[in-house]
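Now for the letters of each chain:
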Amino acid sequence: MNEDEVLSEFRAAGALLEGHFLLSSGRHSAHYLQCARVLMNPDRAGRLAVALAAQLPRDLRSKIDKVVSPAMGGIIIGHEMGRALQVDAIFVERPTGTFELRRGFDIEPGEKVLMVEDVVTTGLSSREAIKAVEDAGGKVIGICSLVDRSGGEVEFEIPYHALVSLSFPTYAPDEVPEELAKTPAIKPGSRKPA
Ligand SMILES: O=P(O)(O)OC[C@H]1O[C@H](OP(=O)(O)OP(=O)(O)O)[C@H](O)[C@@H]1O
Ligand SMILES: O=C(O)c1cc(=O)[nH]c(=O)[nH]1
Ligand SMILES: [Mg+2]
């Protein structure tokens, strides 16, 4: 699947939104990729996961013991990546604000984890989820997401792969362009406001 084909799937699903959005990181944007709309179709979710798994280098794929994804956005794609890679897929969630393993999910000491996100903007959520995995004794050996919306700018110390890379501007709260600031910001994600 090439980037144009992936973008067509997003367009067909009505997942490319324009407006004024408050992102998970606290930054603002005039664009939002609502991955949940893309992933609501199980066939499409499965197809995208197979394509994402195919992008991972063979030596990385063969080492993965478990997929971990940050709730909410990471859950569906994480589950489909578990299916594509034939490993268990669990998730971390943050009912009190910090990612933790719940629901009887666990990680064996030294277990090798692939962190799976729906979208990466600043990488903040991935870093927080990696910390939760490491605190539980796991080792994150790879990160992947359907979309890298930093356009390749995001930096991780762990190898990172995305199915599609897009560059949409984001703004700090005190840098929001006047035109954008005229519309009240919508916050689609589940992170609690700081
Ligand atoms: O790279 P970042 O700057 O962290 O942004 C990307 C994160 O933002 C979204 O999650 P959000 O916290 O909005 O909650 P959700 O997963 O419930 O949608 C998305 O699912 C990623 O986890
Ligand atoms: O940074 C975010 O919070 C974010 C951006 C985006 O385009 N889509 C999304 O689900 N989250
Ligand atoms: Mg998320």
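About the cut-offs
Residues numbered from 1 in each chain as written. Chains lettered and ligands numbered in written order. Predicted model: local features only at pLDDT ≥ 70, side-chain atom pairs only at ≥ 80, totals over all residues. Heavy atoms only, no water. UniProt positions renumbered as here; feature names shortened; annotations may be inferred. Buried < 20%, exposed > 50% of the residue type's maximum accessible area, 1.4 Å probe, protein only. Helix = DSSP H or I, 4+ residues; strand = E, 2+ residues; numbered from the N terminus. Arc of directions from axis to C-beta. Contact = heavy atoms within 4.5 Å. Polar contact = N/O pair within 3.5 Å; in protein donor to acceptor, adjacent residues only side chain to side chain. Lys, Arg positive; Asp, Glu negative; His and termini not counted. Salt bridge = Lys/Arg side-chain N within 4 Å of Asp/Glu carboxyl O.

For the protein chain, an unreviewed UniProt entry supplies the name Orotate phosphoribosyltransferase and the organism Croceicoccus mobilis. Under the Pathway (unreviewed entry) heading, UniProt states for the protein chain: "Pyrimidine metabolism; UMP biosynthesis via de novo pathway; UMP from orotate: step 1/2." Its UniProt record gives the protein chain the following Catalytic activity (unreviewed entry) comment, quoted word for word: "orotidine 5'-phosphate + diphosphate = orotate + 5-phospho-alpha-D-ribose 1-diphosphate".

Digging into helix 1 (residues 3–12)
Turning to helix 1, its buried residues number three or more, namely Val6, Leu7, Glu9 and Phe10. Here the buried residues of helix 1 occupy an arc of 150 degrees about the axis, which is enough to place them on one side. Opposite the buried face of helix 1, at more than 90 degrees from it, the exposed residues are Asp4, Arg11 and Ala12. Packed against the buried residues of helix 1 are strand 1 (16–22), strand 2 (28–33), helix 2 (35–39), helix 3 (42–55), strand 7 (139–148) and strand 8 (160–165). One side-chain oxygen of the residue at the start of helix 1 lies 3.1 Å from the amide nitrogen of aspartate 4, identifying that residue as asparagine 2. Following helix 1 by one or two positions, glycine 14 adopts a phi angle in the positive range, close to 65 degrees.

Comments concerning the side chain of aspartate 148
Take aspartate 148: it is sitting in strand 7. Buried within the structure, aspartate 148 lacks any salt-bridge partner; its nearest side chain of opposite charge belongs to arginine 149, at an N-O separation of 7.9 Å. Setting aside residues no more than four positions away along its own chain, aspartate 148 makes contact with Val120, Val154, Tyr160, Ala162, Val164, Ser165 and Leu166.

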